[in-house]
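Close look at the chain arrangement
The lines below spell out each chain.
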Amino acid sequence: MKRDSQTPVELFDAAITGQRHAIGRLLSLVEQGGEAADAVSALTHEKSGDAMVIGITGPPGSGKSSLLSQLLKVIVAAGFRPAVIAVDPSSPLTGGAILGDRVRIDATDTATFIRSIATRGHSGGLALAVPGAVRVLDAVGFNPVIIETVGVGQVEVDVTASADTTIVVANPGTGDAVQANKAGLLEVADIFVVNKSDLPGSNDARRDLELMLDLSHMTGQEDSTGRRPPIIMANSLEGSGAAELWSAIVEHGEHLVATNQIDTRRAKRQLAELRSRVSDALLDALDNELASEQGADVVAALSDRRITPSEASSQIIDRVIRID
Amino acid sequence: MTDTPIRIVLAKIGFDGHDRGLRMVARILRDAGCEVIYLGLRQTTENVVAVVEQEDADAVGLSMHNAQHLTLAPKMVESLRSAGLDVPVILGGVVPDQDIAALMESGVAVILGPGTSAEDVVRSVREAVTSRS
Ligand SMILES: Nc1nc2c(ncn2[C@@H]2O[C@H](COP(=O)(O)OP(=O)(O)O)[C@@H](O)[C@H]2O)c(=O)[nH]1
Ligand SMILES: [Mg+2]
């Protein structure tokens, strides 16, 4: 259905000169996955690695996109060219999605680039599409690259948590601190934002977070360098807190460099991507094997109790990873 | 690899009104499996073009409830065209009968009047997108 008159190489040549539709097309290829995405990765891999990668996560409606629209203004005013990857869930039933993260953002500002990505059902896809999209935006010269995800699904959390700097957004009066703790967001946060600080209860929300941080200090779960994530109060309808947030992001980046953590984080990110890629490929191979005649024989032998579950699994594993 | 879903930008250009109708269309298209990039109210044609580029969208859906459709819809078509984007423009809202011919002439792909059924909305979008590629 999509017009693919240009090759990935042609698109990339156009993209690095700043042609926005070429960048948009490359991102579509990345989202498509498979060979198309591999071709784009081959072009962008070497040229990426310069951009600072920032993750923003938190409950739906907590004001992540609003905060981002304010933060982008600060980042552009500081002379940077930020790009955003805004991830929203696809409907599991229909595969469709409403992507509304860019409503408040001026798309004509050539210093910024925003792409909305739907999770498209299989979560494994997201774990590969997001790093691929980050590489494209980094390679064509955007910095920082910011990823917005809803902090619910595990893959969404993982994707954001593998950023250089991860921001967790909470709201007053919603028990977000407790929720964040349960969702495993507390351990991944480098910076907290209490957004909607204009609403009642914002000081309580701050205190809840402080308490959680105190606890993680006592249980030794904090950053190995003892750094305590700052808590920033923001009103994203007005823009207050956005400048403080940017300072905190820059500070955290400097902290990562000063404590030699930046390379470790990035290596961890590469490892996570490699792991998703290999496990996707192995799962595909497993499904093919199980669907094959020999696979069906093994399953039948198992059902008839002629072989044990462990024998069946060894036989399948041998077939899946056989080298021929 | 599954089929890529249709990506459509939904916007209301100009300064008037509410976006209830546009929201409804957004839900209809989402439920039909489309990825809807929702821009809502007070958009400019320039902004829509920039969004189509960045989102690599397949179609633009414009809602109009003012008398400006005769100028704004052709302007949208022309802006996309001059940016080299071969993307159909689908117009929704109240369009007087006597304006339909002129709008179609200017390159609007489909006009969906008030009361168009969900099935017709989906079918029109699908046809407009596939007829371009
Ligand atoms: N009162 C108040 N409302 C806010 C603030 N930030 C965002 N909102 C509102 O919260 C709603 C959800 O915002 P959005 O940015 O889309 O949240 P997201 O789902 O986390 O991206 C919108 O209606 C915003 O206008 C804030 O600081 N204060
Ligand atoms: Mg959002």
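Residues numbered from 1 in each chain as written. Chains lettered and ligands numbered in written order. Predicted model: local features only at pLDDT ≥ 70, side-chain atom pairs only at ≥ 80, totals over all residues. Heavy atoms only, no water.

Description of the sheet that holds strand β2 (residues 83-88) of chain A
Paired through their backbone hydrogen bonds, the strands of a sheet run either parallel or antiparallel. Residues and elements named next belong to chain A. Taken in spatial order, the seven strands of this open sheet run β4-β2-β5-β1-β6-β7-β8, and their pairing is parallel. Bordering the open sheet on either side are β4 (113-118) and β8 (231-234), each of which pairs with just one other strand. Ignoring which end each strand starts from, the neighbouring axes of this sheet average 20° apart. Where strand β1 (residues 53-58) meets strand β5 (residues 145-150), six bridges bridge the pair, whose relative direction is parallel. When the sheet's bridge partners are listed, G55 is paired in β5 with I147. Taken strand by strand, helix α6 (residues 154-161) contacts β1, β5 and β6 (165-170), and its axis lies near 160° from that of β5. (Pairing = 2+ DSSP bridges. Helix = DSSP H or I, 4+ residues; strand = E, 2+ residues; numbered from the N terminus. Axes fitted to C-alpha atoms, helices over the stretch in contact; angles between N-to-C directions. Contact = heavy atoms within 4.5 Å.)

Some details on the coordination of the magnesium ion (ligand 2)
Residues and elements named next belong to chain A. Coordination of the magnesium ion (ligand 2) by the protein comes from S65 (OG), D101 (OD) and E148 (OE), over a distance range of 2.0 to 2.2 Å. Donor residues for the magnesium ion (ligand 2) sit on one chain with the sequence pattern S-x35-D-x46-E. Within this pair, whereas S65 is found in helix α4 (residues 64-77), its partner D101 is found in the loop between β3 (97-99) and β4, the two being separated by 36 residues in sequence. Note on accessibility: S65 and D101 belong to one class, buried. (Donors = N, O, S within 2.8 Å, 3.2 Å for Na, K, Ca; no water. Buried < 20%, exposed > 50% of the residue type's maximum accessible area, 1.4 Å probe, protein only.)

Observations concerning the site of ligand 1
All names here are of chain A. In the neighbourhood of ligand 1, 17 residues make up the surrounding shell, with G61, K64, S66, D198 and S236 lying closest. One of the backbone nitrogen or oxygen atoms of S62 is found 3.3 Å away from an oxygen atom of ligand 1. Within the backbone of G63, an N or O atom sits 2.9 Å from an oxygen atom of ligand 1. Surface burial for ligand 1 is 76%, taken as the share of its 580 Å² of free accessible area covered by protein chains. (Near = heavy atom within 4 Å. Polar contact = N/O pair within 3.5 Å; in protein donor to acceptor, adjacent residues only side chain to side chain. Areas by Shrake-Rupley, 256 points an atom, 1.4 Å probe, with all protein chains shown as cover.)

Section: the pairing of β5 of chain A
Residue and element names in this part refer to chain A. For β5, a buried count of six out of six residues is recorded, marking the element as mostly surrounded by other parts of the structure. Going residue by residue along β5, you find V145, I147 and T149 tucked away on one face and I146, E148 and V150 tucked away on the opposite face as well. Here β2 runs beside β5; their pairing, made up of four bridges, is parallel. When the bridges of β5 are listed, V84 appears paired with I146.

Let's talk about the packing of aromatic side chains
Residues and elements named next belong to chain A. In the structure shown here, the tally under the stated rule is two aromatic pairs over all chains. Aromatic side chains F80 and W246 sit 5.4 Å apart centroid to centroid with 75° between the ring planes, which places their arrangement in the edge-to-face category. With F80 in the loop between α4 and β2 and W246 in helix α10 (residues 242-258), this pair connects stretches of sequence that are 166 residues apart. Overall, the relative accessible area of 29% leaves F80 in the partly exposed class. Looking at W246, the relative accessible area reads 8%, which means it is buried. Taking the centre distance of 5.7 Å and the plane angle of 50° together, the rings of F113 and F142 count as tilted. On the criterion of sequence distance, the pair formed by F113 in strand β4 and F142 in the loop between α5 (123-139) and β5 is long-range, its members being 29 residues apart. Of the two residues, F113 and F142, neither departs from the other in class, the shared state being buried. Over the face of the ring belonging to F142 we find R81, whose NZ or CZ atom lies 4.6 Å from the ring centre. (Phe/Tyr/Trp six-rings, centres within 6.5 Å; stacked < 30°, edge-to-face > 60°. Lys NZ or Arg CZ within 6 Å of the ring centre and 35° of its normal.)

As for the confidence of the model for chain A
For any part of a model where pLDDT is low, the fine detail of the predicted coordinates should not be relied upon. Averaged over all residues, the pLDDT of chain A equals 90, while 94% of them reach at least 70. The least confident element of chain A is helix α7 (residues 176-182) of chain A, whose mean pLDDT is 71; the most confident is β8 of chain A, at 98. (pLDDT = per-residue confidence, 0-100.)

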